Amino acid sequence: MSVKSTISHISRRGVLLGGAAAVAASAGLRSRPAYAAPDKVKVQFMYPVGVSGDINKLVSTMISKFNAAHEKIEVEAIYAGSYDNTEQKVITALGVGDPPATWLPINSALQTFLGLDALADVTDKAKKTDIYQDFIPGFLETAVSDGKLYGLPFQPSTPVLYFNADAFKAAGIAKPPVTWDELLEVSKALTVRENGELKRWGLTIGGGWHDWIFECFCRQNALVPWTKDKVLFDKPEAVDALEFWVKLVKAGVMPPASTWQGSANDFMAGRTAMLYHSTGSLTNLRTSSPFKVDVAFMPKNKTFGACQGGGPIMIAKKQSDAAIEASWTFAKWMTSTDVQSQWGRDTGYLAVRKSSWETPEMLAYLKEVPQAKVALEQSAYAGAFLQVPGYHKVREYLKSALDRTLAGEIKPDAALKEAADNSNREIQRLLRRRS
Amino acid sequence: MVTGPALRARVSEAGLAYLLLLPSLVFLATFTYWPILRSIYFSFHDVVLGSNKIYFLGFENYERLWTDKLFWKSLGNTVFYTLVTIPCAITVALLLAVALDSKLRGMTFYRSAFFYPVMIPSVAAGMVWVFLYAPGYGPINSAIAALGLPKVEWLYDARWALPAIIFMSIWKYAGYFMLILLAALQMIPADLHEAAKLDGVSAIDRLIHITVPLISPTLYFVIIIGLLHSYQIFDYVYVMTQGGPADATNVLTFYIYQNGFQYQDIGYASTLANVLLLFVGGLITLVALVFGRRVHYLGR
Amino acid sequence: MATLQDPIELSAPATSRGTLLALRTALRRNWLHFVLLPLMLFWISPLAWIIITSLKSRTEVFDPNAGILPAVLQWGNYPAAMAVAPFGTYLINSVLATGGILVCELITITLAAYAFARLNFPGKNILFTLFLLQIMFPIYATFLTNFVTVRELGILNSLPALIVPFVASGYGTFMLRQAFRQVPTELADAARLDGCGHLGILWHVYLPLVKPTLIAFSIIAVVTHWNDYMWPLLVTNSESVRTLPIGLGLLAKSDSGADWTRLMAATVVVVSPLLLFFVIFQRRFVDSFMHAGLK
């Protein structure tokens, strides 16, 4: 009795045939990168889905345009999941010495990739072009470490303050808050309770990325809460920012915790009147809310301040000069004036070039969606987000500190001190290891 | 005494057994044992994902466990999750399986209705439950309010986030265990039940004294699989809470994922995986000692 | 369990002498439905929400004033969801990968489970524990090493890469071993007297008798691997070898919040083949002949 007949008995013959076909076909379908004509340079580009499902289509369209315009280069776009997934896929490939030519991580990963000695330095190449002149400085800075440029910003975003314009009108509030004090006042005015039961929060800070938003609050207190080898969460400016959050929670106008996904839903469902969330969410919130959505600067304290999400296109170091050159051509094309103008309008991301904002199409778009301009103006006050080694772990320490403080388990200064100590110990460990 | 021919028969039986195990063992060796061996090796080293430099650390990674508060918290969360989810899900599953092991009208529909949660991809199911648990406007809160109970912030509340995930897991896994138990019930000879019924044994007594012992091998399987599966709970935590708020839903597998893939700390992630393996192994041995002896097999 | 075997007779003729009596009889006969129905309604409510949401317009999803049902059925969400990725190719790949895993697993677990259930050999307990190791070790901890292995085998970015880690199944072996051990030994002895060898007994006696378990295992294996996400994402690059959950990820994993209506539409599409598969196969539980009365 053979193994084969055993199977045909327990499963129906059709299943057997299907399975056999599966194995046979899968062997045939093995699709290694097809090596094109020898003079063509093959460039892989791994990207995450930042804002919507259509990104796959948008990117493929861009890639085919690029490929059509460049005879000697063939780019293959590879969708790689969320930002986290993309980073993991690239790093895993790096570990076996086979990274993609280019990829698009979140800008905070800069030190991580530098730590792996993975990035091509493109400073000199960029100096030969108008990149240093035309890119918006706050965006370009997110790809700079020690004065050297390691990629071209492609899809920056920052947190902004979304608000329910209908709720504002109903409460008789004419304009969005500009300072922290006004933020507290407006939040109080917008909070609705019936018989002691909460119906609407005045304000929600999107959870899950609230550490990102917290850095913005630090920057509004004129503190950049990190340098490239340590974090400064225990500085008085940071403690003051967290004390302000505690005040919002104690005043009963803001929930002590939320999730990234849940908070966007809460806003759309009218559960909160104001929301700190990414500019990337603009299109989604604007088209999915049953009321008018408006956008404002994050209110200032000592100053306006924001920090960048989103990421640059990075280029792998360990590849042939020809491949680096092809990757550079690709990155440059992806961040060129018209491509960026189109990309910004399609996705809601901020175009990285000053000239992109002056194209006729963009000007027309801004007339139609004036909210898009707010984030651009705010980005004049924006810098990079938490570019320290091991940023993932640092983020966890900080988030845990914020959560426990807002839940009332621990005092702000103690929580931030603990987070800073833990983070700095971790950063030191990584730096020691690197040397 | 083992005589010549008997010995030969025994040897050939063993030979056949190894031959039958060979296909599995080849693949297990490649895709399970090799990773485990590497994981043991990594746990004594400082290994960074994406880099091929490796430094010997001795027991440092294991020593880190003692002072790592998050490890203990995630271990506690995992144990709590398991102790609540598995007994609840299996009890519900057993009752459902017994009820649906019959020619009930609409049986296909019932079975499908209880089993479909297993099919929903975790990203989608997680999203749906984020909405169901929404504060204030979410359907679950509406139902609670209709019963006159106070509303709960569920996923936003460190006290309720883990229970919320547990409740959802019962929804997800009851049908899964039900299916396995159903298969076992289908293999029980029907005449046993008929005889007991004729003797006037009540339905509950039949369940306890006939059905449960007869499917005890499968029940045993389900308990062990349940324990193992509950340690793999990861997808929902990842989709719904990312371990928060304040690490209230951080479970061990999520913590391993974080360390290995987010923090690139393969050495420590491997250490955690090995500890989990030892822990689960011990637990299973315990279950085997307690329950394994009570399992009745109809065969030898 | 005969009370359950009677069909519902709510429409039994109500004669003049006892509408009430008929009702009580109906209640007694159908009490199970009274328990199961509410539970079932609770169980399917998330599915109902998925389907309803898949037909809503974007602004209706969270609008508390919009009502439960969509004002206009938005069938357009389905083509719009399918347009984000080549779902046709993904579907074929999912079928091939899942089918491949299932067939391979059925072969390996049948052979191994028989050995564990019915053969005596040195090292049996240790080997069985080794099989269980597969389920005990967290799967995410194997990805890195398996990625390297798959790459060295030269099958990165191909369908076999999605299949090979799952060819052997400690889970399935355990499940089937338990079922085999439930088969009365006398049956095997009888077959042996008829001159059957081990494989003959496995073939003629054991496999037919454990059909429900094989079906349950198949359903579980298919459902599990149909939804694999992280591993396929890690080892594939090309659209031509990717599977359905990756397409779903495009709609769910964005940082700006999920694309609810299209995500739910895509979920319905991804789950439908599974549901169909389940409905067809669970029916086969019933014709197990051991259940029908084995002497």
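Each chain carries its own residue numbering, running from 1 in the written order of its sequence. In the order they appear in the text, chains get letters beginning with A and ligands get numbers beginning with 1. Selection of residues for local features in this predicted model requires a pLDDT of at least 70, selection of side-chain atom pairs for listing and counting requires 80 or more, and totals for whole chains, interfaces and linings are taken over all residues.

Visitor: Residue-level account of the overall build of chain C, with values.
Guide: On a plain count of helices and strands, chain C comes out with 14 helices and zero strands. Of the regular secondary structure in chain C, the N- to C-terminal order runs α-α-α-α-α-α-α-α-α-α-α-α-α-α. Remark: C-beta atoms are placed from the backbone, and a residue is labelled buried if 20 or more other C-beta atoms sit within 10 Å of its own, exposed if 12 or fewer do, or partly exposed between those counts. The buried share of chain C, taken over its 295 residues, is 56%. Restricting to contacts in chain C with at least 6 residues of sequence separation, those with at least 24 account for 71%. Helical segments are the DSSP runs of H or I of at least four residues, strand segments are the runs of E of at least two, and each set is numbered from the N terminus. Once C-beta atoms have been placed from the backbone, residue pairs whose C-beta atoms lie within 7 Å are recorded as contacts.

Visitor: Describe the overall build of chain A, with residues and values.
Guide: Secondary structure assignment for chain A yields 20 helices and 16 strands. Throughout, radius of gyration means the C-alpha value; the globule benchmark is 2.2 Å times the number of residues raised to the power 0.38. The C-alpha atoms of chain A give 24 Å as radius of gyration, which agrees with the globular expectation for 435 residues (22 Å, within 12%). Principal axes of the C-alpha set define a box for chain A whose edges measure 75 × 65 × 50 Å. Residues counted as buried form 57% of the 435 residues belonging to chain A.

Visitor: Please set out the packing of helix H11 (residues 210-220) of chain A against helix H19 (residues 391-406) of chain A residue by residue, giving values where relevant.
Guide: Think of two packed helices as two axes; the pair is described by the angle between the axes and how far apart they sit. Residue and element names in this part refer to chain A. Axes here mean lines fitted to C-alpha atoms, for a helix over just the part in contact, with angles spanning 0 to 180 degrees between N-to-C directions. Packing of H11 against H19 leaves a shortest axis separation of 9 Å and a crossing angle of 80°. Between H11 and H19, the angle falls in the class roughly perpendicular. Mapping the contact onto sequence places His210, Asp211 and Phe214 in H11 and Arg395, Leu398, Lys399 and Leu402 in H19. Classes in brief: Ala, Val, Leu, Ile, Met, Phe, Trp, Tyr, Cys and Pro nonpolar; Asp, Glu, Lys and Arg charged; the others, Gly included, polar. Of the residues belonging to the contact of H11 with H19, the class tally is three nonpolar, one polar and three charged. The labels follow the angle: roughly parallel below 35 degrees, roughly antiparallel above 145, roughly perpendicular from 65 to 115, and oblique for the rest.

Visitor: Which residues make up the nonpolar core, and what values do they have?
Guide: All names here are of chain B. Note on definitions: a nonpolar core is a set of buried residues drawn from Ala, Val, Leu, Ile, Met, Phe, Trp, Tyr and Cys, linked by C-beta atoms within 7 Å. Ranked by size, the top nonpolar core spans 331 residues in total, and within it Phe177, Met178 and Leu181 carry the most contacts. Per-element tally for this core: the top contributor is helix H7 (residues 161-186), with 19 residues. In this view, Met178 contacts Ala93, Leu96, Ala97, Phe114 and Phe115; residues no more than four positions away in its chain are not counted.

Visitor: Any chance you could break down the sheet that holds strand S7 (residues 159-164) of chain A for me, citing the residues and the numbers?
Guide: Residue and element names in this part refer to chain A. The pairing criterion is simple: DSSP has to find at least two bridges between the two strands. If you trace the five strands from one edge of the open sheet to the other, you get S8-S9-S12-S7-S13, paired in mixed fashion. Each having just a single partner strand, strand S8 (192-194) and strand S13 (293-296) make up the two edges of the open sheet. Looking at each pair of strands side by side, their axes are set apart by 25° on average, direction ignored. Of the strands in this sheet, S7 and S13 are in contact with helix H18 (residues 371-378), which crosses S13 at around 15°.

Visitor: Tell me about the interface of chain B and chain C, and please be specific about residues and values.
Guide: With 80 residues of chain B in contact, the opposing surface of chain C contributes 89 residues. Residue assignment for the side of chain B that touches chain C shows that the elements contributing at least two residues are helix H1 (4-43), helix H4 (107-119), helix H5 (122-132), H7, helix H8 (190-198), helix H10 (216-230), helix H12 (252-262) and helix H13 (266-290) of chain B. No other element matches the 19 residues that H1(B) contributes to the side of chain B that touches chain C. For the side of chain B that touches chain C, the class distribution of residues is 55 nonpolar, 17 polar and eight charged.

Visitor: Can you break down the sheet that holds strand S1 (residues 41-47) of chain A residue by residue, with the values?
Guide: All names here are of chain A. Pairing is mixed across the open sheet formed by five strands, whose spatial order is S2-S1-S3-S15-S6. Because the sheet does not close on itself, it has two edges, and the strands there are strand S2 (73-79) and strand S6 (152-157). Direction of pairing for S1 relative to S2: parallel, over a ladder of seven bridges. Its bridge partner lying in S2, Gln44 is registered against Glu76.

Visitor: A description of the domain arrangement of chain C should follow, citing residues and the corresponding values.
Guide: All names here are of chain C. For chain C, the assigned domains read domain 1 (2-80) and domain 2 (85-285). Domain boundaries shown here were taken from an automatic or database domain assignment. Each of domain 1 and domain 2 has a C-alpha centre, and these two points are 33 Å apart. Each partner contributes residues to the interface: domain 1 has 11 residues there, and domain 2 has seven residues. Those elements giving two or more residues to the side of domain 1 that touches domain 2 turn out to be helix H2 (31-54) and helix H3 (77-82). Among the elements that take part in the side of domain 1 that touches domain 2, H2 stands out by supplying four residues, more than any other. Split into classes, the residues belonging to the side of domain 1 that touches domain 2 amount to five nonpolar, four polar and two charged.

Visitor: Describe the domain arrangement of chain A, naming the residues involved and giving the relevant values.
Guide: Residues and elements named next belong to chain A. Domain boundaries in chain A define domain 1 (41-157 + 309-383) and domain 2 (159-307 + 389-434). Of note, the centres of domain 1 and domain 2, computed from C-alpha atoms alone, are 27 Å apart. Contacts between the two partners involve 22 residues from domain 1, matched on the other side by 25 residues from domain 2. Contributing elements (two or more residues each) for the side of domain 1 that touches domain 2: helix H5 (110-115), H18 and strand S16 (382-383). Ranked by residue count, the leading element in the side of domain 1 that touches domain 2 is H18, at five residues. Class assignment of the residues belonging to the side of domain 1 that touches domain 2 gives a composition of eight nonpolar, 14 polar and no charged.

Visitor: Describe unusual backbone geometry, and please don't skip the residues or the numbers.
Guide: Of note, A:Ala222 is a non-glycine position whose phi angle comes to about 65°, a positive value. On the secondary structure map, A:Ala222 appears in the loop between H11 and strand S10 (226-227). Overall, A:Ala222 belongs to the exposed group, with 12 C-beta atoms counted inside 10 Å. Despite not being glycine, B:Trp154 shows a phi value in the positive range, around 40°. B:Trp154 sits in the buried class, given 26 other C-beta atoms within 10 Å.

Visitor: Break down the environment of B:Arg38 for me, with residues and values.
Guide: Residue and element names in this part refer to chain B. Secondary-structure assignment places Arg38 in helix H1. When the 20 C-beta atoms within 10 Å are taken as the criterion, Arg38 is described as buried. It is 16 Å that separates the C-alpha atoms of Arg38 and Gln264, two residues lying 226 residues apart in sequence.

Visitor: Let's hear about the environment of B:Ile215: which residues, and what values?
Guide: All names here are of chain B. Tracing the sequence through the fold places Ile215 in the loop between helix H9 (203-214) and H10. What makes Ile215 buried here is the crowd of 29 C-beta atoms within 10 Å. Considered as a pair, Ile215 and Val295 are 80 residues apart in the sequence and their alpha carbons are 8.6 Å apart. The contacts of Ile215, once residues within four sequence positions are left out, are Leu181, Ala184, Leu185 and Ile188.

Visitor: Account for the UniProt feature "transmembrane region" (unreviewed entry) in chain C, naming residues and giving values.
Guide: All names here are of chain C. UniProt positions are given in the numbering used here, feature names are shortened, and annotations may be inferred rather than shown by experiment. Mapped onto this structure's residue numbering, the UniProt feature "transmembrane region" (unreviewed entry) falls at residues 31-52, 90-114, 126-147, 159-180, 201-226 and 260-281. The annotated region residues 90-114 carries 100% helix and 0% strand content, and the separation between its end C-alpha atoms amounts to 36 Å. Between the C-alpha atoms that bound residues 159-180 there is a distance of 32 Å. The span itself is 73% helix and 0% strand.

Visitor: An account of the pairing of strand S9 (residues 197-205) of chain A is requested, with residue identities and associated values reported.
Guide: Residue and element names in this part refer to chain A. Of the pairings in the sheet, the one linking S8 to S9 comprises three bridges and is antiparallel in character. Within the sheet, the bridge partner assigned to Glu194 lies in S9 and is Glu197. From the end of S8 to the start of S9, which pair antiparallel, there are two residues, and Asn195 there has a positive phi angle of about 50°. Both S9 and strand S12 (residues 272-278) contribute to a ladder of four bridges, which runs parallel. Following the sheet pairing, Trp201 is matched in S12 by Thr272.

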